[in-house]
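Each chain, letter by letter, is given below.
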Amino acid sequence: MLPVTLDRTSAEPLPAQLAGQVRALVLAGTLGTGDRLPSSRALAADLGVSRAVTEQAYDQLTAEGWLEARRGSGTYVTASRTTTTAAPQVTSRPTRLTPRPTGATSRLDTGTPFFDPRLEPGWRRAWREVSVAAPPPGYDDPRGLLELREALAARLGRTRGLDLHPDEIIVTAGTTDGLRALLPELRPGPVAVEDPGYRAAAETVLTYGREVIDLPAVETAGDLGDAVAAYVTPAHQHPLGRVMPAADRLALLEAARRADAVVIEDDYDSEFRYDVAPVPAMARLDRGRVVYLGTAAKSVVPTLRLGWLVAPPDLHELILRRRTITHAGAAWPSQRALLTLLRDGWLDRAVRSARRVYAERAPRVAEAMSPYATLAGPLAGMYSTWLLPETDARRARDAARAAGFEINLLSTYARSSGLTGLVIGFGGVTDAELDQALAAVTGALGA
Ligand SMILES: Cc1ncc(COP(=O)(O)O)c(C=O)c1O
């Protein structure tokens with residue numbers, strides 16, 4: 001008699017239950033190689049099930065190599081702990097990379113945009129369209145969905161002053177995916193990244209085995225040394241907030257020409273200006289030297305994982321060739337949904353409504369913070385950065401944390417610059433939460 005018990009109320013079919021339990025007996029060593037199992041008829045009678053159940057379980061285990069049917073003799077165990085290489089045992093659950101903060105924590109970070117609930121019907125319409133549209137039958141164009149590239153070209157012309165043919169655009173899975181696509185195509189050498197700067201960019205450069213050179217974020221670029229690229233956020237320096245002045249743009253392009261390097265323009269949130277019109281893209285100045293990276297992370301949501309890349313023709317060809325071979329590309333459902341959001345005017349409405357909210361919240365943050373700290377750049381986008389001594393910044397960060405809010409320290413974006421302070425995002429919280437977080441911060445700074 002085999003020590004197995006079948007549960008007739010379980011959703012798992014009886015043959016699968018039986019096979020699973022016999023497998024477990026072999027793995028536990030209760031059954032060893034050469035042991036004879038009861039006949040399928042006898043086992044069925046013992047268990048009070050039809051013979052089809054035991055036969056199906058034996059057939060499955062035979063196909064998997066646990067059992068062997070010997071003609072005229074019976075069914076035997078062929079594999080057991082002593083004869084198989086032990087599979088690695090899972091002794092504990094995988095640990096999370098970053099422990100999830102306990103309690104209800106709201107993030108005042110730079111990466112969570114405002115999502116207007118009034119736009120939900122349009123959002124749902126886009127996904128309904130995805131559900132009835134036929135996906136491309138095979139691997140599609142590595143540049144991305146043609147209609148989406150057409151819509152993006154029109155939008156980038158209108159909002160960023162870029163005159164693009166749809167075939168010059170490569171749809172990516174976000175800014176960082178664009179950077180990952182570009183890095184293998186650059187000649188060996190370090191990459192200059194703004195300091196303080198976008199942490200994901202610096203980390204991606206390091207991941208690709210390249211050295212990161214610190215490019216002072218608020219100084220005119222002089223010499224790029226042996227850097228093969230300079231990663232910058234000219235429309236809204238991340239995280240200090242300044243707009244790169246025209247003279248500095250020209251100086252950086254000149255430095256890049258001298259070093260035969262490319263400028264990587266991360267244009268992540270340029271549409272969210274409420275003081276002046278969006279500053280035109282730097283790529284307009286020299287399409288032969290600038291690699292332009294855009295993203296839907298700020299105007300839609302980061303989890304859509306969509307972005308776009310425009311590179312000089314030689315790099316475009318190299319990137320495309322590798323993306324074709326490696327099947328790298330943005331997921332079709334996301335692309336198809338973004339197409340509807342663009343066509344329906346949803347994205348324009350989302351940007352307008354988020355801009356209104358940011359324009360109202362940014363001065364509230366400024367009013368609360370300015371008695372205690374210095375604003376690092378003009379008010380724009382969905383966060384503002386405040387210069388403070390590190391001890392004060394940490395005290396304020398800890399007070400916010402105790403009140404259930406997570407705020408980033410500027411020092412975590414800084415490398416050699418040594419700048420300290422707080423980076424306060426205001427897109428992903430409610431007005432009431434923002435007030436509570438600011439009260440905690442200013443309470444700590446004023447104490
Ligand atoms: C400076 C900067 N660039 C780009 C992005 C977006 O990156 P991705 O498109 O990979 O989500 C962010 C998001 O927080 C950002 O802060």
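Definitions and cut-offs
- All chains use their own residue numbering, which begins from 1 and follows the written sequence.
- For a predicted model such as this one, the threshold for reporting local features is a pLDDT of at least 70, and the threshold for listing and counting side-chain atom pairs is 80 or more; totals across whole chains, interfaces and linings nevertheless cover every residue.
- Note on conventions: DSSP H or I runs of at least 4 residues are helices, E runs of at least 2 residues are strands, and numbering of each starts at the N terminus.
- We compute the radius of gyration from the C-alpha atoms alone; for a globule the expected value is 2.2 Å times N to the 0.38, where N is the number of residues.
- Backbone-placed C-beta atoms define the burial measure: a residue is buried with 20 or more other C-beta atoms within 10 Å of its own, exposed with 12 or fewer, and partly exposed in between.
- Whether two residues are in contact depends on their C-beta atoms, placed from the backbone: they are in contact if these lie within 7 Å.
- Note that the domain bounds reflect an automated or database-derived domain assignment.
- In this count, Pro and Cys sit with the nonpolar residues alongside Ala, Val, Leu, Ile, Met, Phe, Trp and Tyr, while Asp, Glu, Lys and Arg are called charged and the others, Gly among them, polar.
- Between any two strands, at least two bridges found by DSSP are needed for them to pair.
- Axis definition: a line fit to C-alpha positions, over the contact stretch in the case of helices; interaxial angles, taken between N-to-C directions, run 0 to 180 degrees.
- Our angle categories are set so that under 35 degrees counts as roughly parallel, over 145 as roughly antiparallel, 65 to 115 as roughly perpendicular, and the remainder as oblique.
- Left-handed describes a crossing in which the near helix is turned anticlockwise from the far one by less than a right angle; the clockwise case is right-handed.
- The path from the first strand over the helix to the second decides the hand: if it runs clockwise while the strands point away from the viewer, the crossover is right-handed.
- The span expected for a helix works out to 1.5 Å for each residue beyond the first.

K.L.:
When you look at the overall build of the protein chain in this model, what are you seeing that I'm missing?
P.N.:
Broken down by element type, the protein chain carries 13 helices and 15 strands. Computed over the C-alpha atoms, the radius of gyration of the protein chain is 29 Å, more than 25% above the 22 Å expected from 2.2 N^0.38 for a compact globule of 447 residues. With the C-alpha coordinates aligned to their principal axes, the bounding extent of the protein chain is approximately 90 × 55 × 45 Å. Residue burial in the protein chain is summarised as follows: out of 447 residues, 42% are buried. Taking contacts inside the protein chain between residues at least 6 apart in sequence as the whole, the part at least 24 apart equals 72%.

K.L.:
Any chance you could explain the domain arrangement of the protein chain here in plain terms?
P.N.:
Many structure descriptions define interface size as the accessible area lost when the parts assemble. According to the domain assignment, the protein chain contains domain 1 (14-77), domain 2 (106-114 + 355-446) and domain 3 (119-347). One C-alpha centre belongs to domain 2, the other to domain 3; they are set 26 Å apart. At the junction of the two partners, domain 2 supplies 23 residues and domain 3 supplies 22 residues. Contributions of two or more residues to the side of domain 2 that touches domain 3 are made by α11 (346-369) and β13 (383-387). Of all the elements, α11 adds the most residues to the side of domain 2 that touches domain 3, at 3 residues. Each residue belonging to the side of domain 2 that touches domain 3 can be placed in one class, and the counts come to 13 nonpolar, 8 polar and 2 charged.

K.L.:
Any chance you could explain the environment of T62 here in plain terms?
P.N.:
On the secondary structure map, T62 appears in helix α3 (residues 51-63). On a C-alpha basis, the gap between T62 and V77 in space is 9.1 Å, while along the polypeptide they are 15 residues apart. Setting aside its immediate chain neighbours within four residues, T62 contacts L67, E68 and A69.

K.L.:
Please clarify how the environment of L438 should be interpreted in this entry.
P.N.:
Relative to the assigned elements, L438 resides in helix α13 (residues 431-446). Here L438 falls in the buried class, since 22 other C-beta atoms lie within 10 Å of it. It is 9.4 Å that separates the C-alpha atoms of L438 and A396, two residues lying 42 residues apart in sequence. When sequence neighbours within four positions are dropped, the list of residues in contact with L438 reads V365 and A368.

K.L.:
When you look at the sheet that holds β13 in this model, what are you seeing that I'm missing?
P.N.:
Strand pairing in a sheet relies on backbone hydrogen bonds, with the paired strands running either antiparallel or parallel. Spatially, β4-β14-β15-β13-β12 is the arrangement adopted by the 5 strands of the open sheet, whose pairing is mixed. Only two strands of the sheet have a single neighbouring strand rather than two, namely β4 (106-108) and β12 (374-375). Where β13 meets strand β15 (residues 421-425), 5 bridges bridge the pair, whose relative direction is antiparallel. Bridged to T385 within β15 is V423.

K.L.:
Looking at this structure, how should I read the pairing of strand β5 (residues 169-172)?
P.N.:
Strand residues, when the strand is regular, have side chains that alternate between the two faces of the sheet. Burial of the side chains of β5 extends over both faces: I169 and V171 are buried on one face and I170 and T172 on the other. Both β5 and strand β11 (residues 307-310) contribute to a ladder of 4 bridges, which runs antiparallel. Bridge pairing in β11 links T172 to G307.

K.L.:
For this particular structure, what's the right way to read the packing of helix α12 (residues 390-402) against α13?
P.N.:
If you want to describe how two helices pack, look at the angle between their axes and the distance between the axes. For the pair α12 and α13, the least separation of the axes is 8 Å and the interaxial angle reads 140 degrees. Between α12 and α13, the angle is such that the two are oblique. Regarding α12 and α13, the two cross each other, and that crossing is right-handed. Contacts between α12 and α13 involve D392, R395, A396, A399 and A400 on the former and, on the latter, A437, A440, V441, G443, A444 and L445. Residues of the contact of α12 with α13, tallied by class, amount to 8 nonpolar, 1 polar and 2 charged.

K.L.:
So what exactly am I meant to see when it comes to the environment of L43 here?
P.N.:
Considering the arrangement of structural elements, one finds L43 in helix α2 (residues 40-47). Taking the C-alpha atoms as reference, L43 lies 7.4 Å from M1; in sequence the two are 42 residues apart. Excluding anything up to four places from it in sequence, L43 contacts L2, P38 and T54.

K.L.:
When you look at the pairing of strand β7 (residues 212-216) in this model, what are you seeing that I'm missing?
P.N.:
As paired elements, strand β6 (residues 191-195) and β7 share 5 bridges and run parallel to each other. In the strand pairing of β7, D195 is matched with P216. For the handedness criterion, the β-α-β arrangement of β6, helix α7 (residues 199-207) and β7 is classed as right-handed.

K.L.:
Is there a simple way to explain helix α5 (residues 146-160) in this structure?
P.N.:
For the α-helix, the turn length of 3.6 residues means that residues three or four positions removed from each other point alike. The terminal C-alpha atoms of α5, which comprises 15 residues, lie 20 Å apart, in line with the 21 Å expected from a rise of 1.5 Å per residue. Structurally, α5 contributes buried residues whose contacts are with β5, β11 and α10 (332-343). Trailing α5 by a residue or two, G161 shows a phi angle of about 70 degrees, which is positive.

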